[in-house]
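Fold and contact review
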Amino acid sequence: MCASPVDPVLDLLHRRPELVVHALHRLLGWELEQPARAEPVDVGDTQLYAHGYEWSADLAFALHRLGGPSTWLAVVAPPAREEQARAYLWPCYAALLGLRRGGPAALLAIVGDEDAAWARQTVACGFGALTFTPLVITRAALLALGEGV
């Protein structure tokens with residue numbers, strides 16, 4: 001179940017997980033190794049506990065590929081810009097999901113039009129060359145896709 005069931009975007013993806021595949025393909029242009037099917041998985045696999053607090057992504061999906069291994073996708077739909085979450089939590093959600101599920105993982109951020117450029121920024125996750133870049137689509141684009149598919 002999504003962490004924010006009143007959010008129409010999260011509710012749409014929860015009810016229609018196939019839209020994840022369409023969004024990756026149509027909105028982000030993933031042509032090669034396109035996932036064949038998206039299946040919701042336990043969002044608990046993205047949970048992080050630290051200093052008495054608990055965080056997790058809003059949704060998580062297995063992307064089952066035709067003739068290949070599954071990959072994993074954590075999904076967040078922040079209601080506003082959250083610098084600390086983008087810089088520290090989002091990379092953790094993807095990393096934890098990949099570690100706990102045993103395969104490559106990514107994070108999809110679903111944001112308002114005005115926050116798309118902000119969300120797409122690559123962030124440094126420490127010293128050296130360790131960086132993280134989320135996948136980003138807008139709420140409007142996903143809702144339009146949901147009406148058209």
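Residues numbered from 1 in each chain as written. Predicted model: local features only at pLDDT ≥ 70, side-chain atom pairs only at ≥ 80, totals over all residues. Heavy atoms only, no water.

**Details of the side chain of H64**
Applied cut-off: Numbering of helices and strands runs from the N terminus; a helix is a DSSP stretch of H or I covering at least four residues, while a strand is a stretch of E covering at least two. Counting of polar contacts relies on pairs of N or O atoms within 3.5 Å, with two restrictions inside protein: one atom must be capable of donating a hydrogen and the other of accepting it, and residues adjacent in sequence are counted only when both atoms are side-chain atoms.
Summarising the element assignment, H64 is placed in strand β4 (residues 59-64). Engagement of the side chain of H64 in a polar contact is seen with the side chain of E39, the distance being 2.7 Å.

**A look at the confidence of the model for the protein chain**
Here is the rule we go by: By definition, pLDDT measures how confident the predictor is in each residue, and it falls between 0 and 100. We call two residues in contact whenever any of their non-hydrogen atoms come within 4.5 Å of each other.
Within the protein chain, residue pLDDT values average 89, and 93% of them lie at 70 or more. The low-confidence segment residues 1-5 (pLDDT under 50) makes ten contacts with residues lying over four places distant or belonging to another chain.

**Comments concerning the packing of aromatic side chains**
Convention followed: Any Phe, Tyr or Trp ring, taking Trp's six-membered ring, that has another such ring centre within 6.5 Å forms a pair; planes under 30 degrees apart are called stacked, those over 60 apart edge-to-face, and the others tilted. Burial classification: accessible surface area is computed with a 1.4 Å probe over protein chains only, and a residue below 20% of its type maximum counts as buried, one above 50% as exposed, and the rest as partly exposed.
Counting across every chain of the model gives two aromatic pairs. Ring centres of W90 and W118 lie 5.8 Å apart, and the angle between their planes is 75°; this geometry places the pair in the edge-to-face category. Here W90, found in helix α3 (residues 83-101), pairs with W118, found in helix α4 (residues 116-120); they are 28 residues apart in sequence, far enough to count as distant. Given the relative accessible area of 2%, W90 is considered buried. A relative accessible area of 4% places W118 in the buried class.

**Section: the pattern of salt bridges**
Going by this rule: One side-chain nitrogen of Lys or Arg within 4 Å of one carboxyl oxygen of Asp or Glu is enough to make a salt bridge.
Enumeration according to the criterion identifies seven salt bridges in this entry. A salt bridge links R16 to E18; the shortest N-O distance between them is 3.2 Å. A relative accessible area of 36% means that E18 is categorised as partly exposed.

**Description of the environment of P69**
Mapping P69 onto the fold places it in the loop between β4 and β5 (71-76). Classification of P69 as exposed rests on a relative accessible area of 63%.

**Overview of the pairing of β4**
The two faces of the sheet receive side chains in turn, since in a regular strand these alternate between them. Basically, it comes down to this: Strands are labelled as partners when DSSP assigns at least two bridges between them.
Where burial is concerned, most of β4 is hidden: six out of the six residues are buried. By the alternation rule, side chains of β4 split into L59, F61 and L63 and A60, A62 and H64, which are all buried. Pairing of strand β1 (residues 37-40) with β4, which is carried by four bridges, proceeds in the antiparallel orientation. Directly across from R37, in β4, lies its bridge partner H64. Of the strand pairs in this sheet, β4 and β5 are connected by five bridges, and their pairing is antiparallel. Across the sheet, the residue bridging to L59 is V75, located in β5.

**Describing the sheet that holds β1**
Test applied: Between N-to-C directions, angles cover 0 to 180 degrees, with each direction set by a line fitted to C-alpha atoms, over the stretch in contact for helices.
As summarised here, the arrangement of the five strands in space is β1-β4-β5-β6-β9, forming an open sheet in which the pairing is mixed. Each edge of the open sheet carries a strand with a single partner, namely β1 and β9 (135-138). On average, each strand axis in the sheet is inclined to that of its neighbour by 30°, with strand direction left out of account. Here helix α1 (residues 8-15) sits on the sheet and contacts β4, β5 and β6 (105-111); the angle it forms with β4, its principal contact strand, is near 35°.

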